[in-house]
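Observations on the model geometry
The chain contents come next:
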Amino acid sequence: MLEFYRNPRVPVPDYQSMDPLLVHIAFMSEALELDRERLVEAGAKIAEDLATSAGGDQLIMLRDPWGVAVQLVKRAEPMI
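Structural notes, computed from the coordinates. (Residues numbered from 1 in each chain as written. Predicted model: local features only at pLDDT ≥ 70, side-chain atom pairs only at ≥ 80, totals over all residues. Heavy atoms only, no water.)

1. Section: the environment of Ile25
To keep it simple, the criterion reads: The helix count covers DSSP runs of H or I at least four residues long, the strand count covers runs of E at least two residues long, and both are numbered beginning at the N terminus. Contact criterion: two residues are considered in contact whenever any of their non-hydrogen atoms come within 4.5 Å of each other.
Relative to the helices and strands, Ile25 is located in strand 1 (residues 25-28). Taking the C-alpha atoms as reference points, Ile25 and Leu39, separated by 14 residues in sequence, lie 14 Å from one another. Those residues in contact with Ile25, other than ones at most four positions away along the chain, are Leu2, Phe4, Val68, Ala69, Val70 and Gln71.

Shown next, in the form of structure tokens:
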């Protein structure tokens, strides 16, 4: 389970102003470009488009409509 919770006693951080590498939620994807387009159509914005790391991982960084960074990743060597 992954729970997103907000307590009205504390302010919501300004996620939009944070570097996506500081905090993001990563999801495995076997179809990065298709998942990117589906999320953009649903309101996400591209923060960093498709890139391949030196180790061969493919990555896309998006922001959801509230500014939270969401990473799509296809690992060269699966972690699980």
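The structure having been displayed, the exposition proceeds.
2. Side note on empty space enclosed by the protein
Let me state the cut-off plainly: For cavity detection a 1 Å grid was placed over the protein atoms alone, and a set of points counts as a cavity when a 1.4 Å probe fits there but cannot get out; an open set counts as a pocket when protein lies on both sides within 12 Å along at least five of seven lines, with lining residues being those that have an atom within 4 Å of a point. Grid points are joined across faces, edges and corners, and a volume is the space filled by probe spheres set on the points. Classes in brief: Ala, Val, Leu, Ile, Met, Phe, Trp, Tyr, Cys and Pro nonpolar; Asp, Glu, Lys and Arg charged; the others, Gly included, polar.
For the coordinates displayed, the defined rule picks out one cavity of 30 Å³ or more. For the largest cavity, the calculated volume is near 30 Å³. The wall of the largest cavity is formed by Tyr15, Met18, Asp19, Val23, Arg63, Val68 and Ala69. Split into classes, the residues belonging to the lining of the largest cavity amount to five nonpolar, no polar and two charged.

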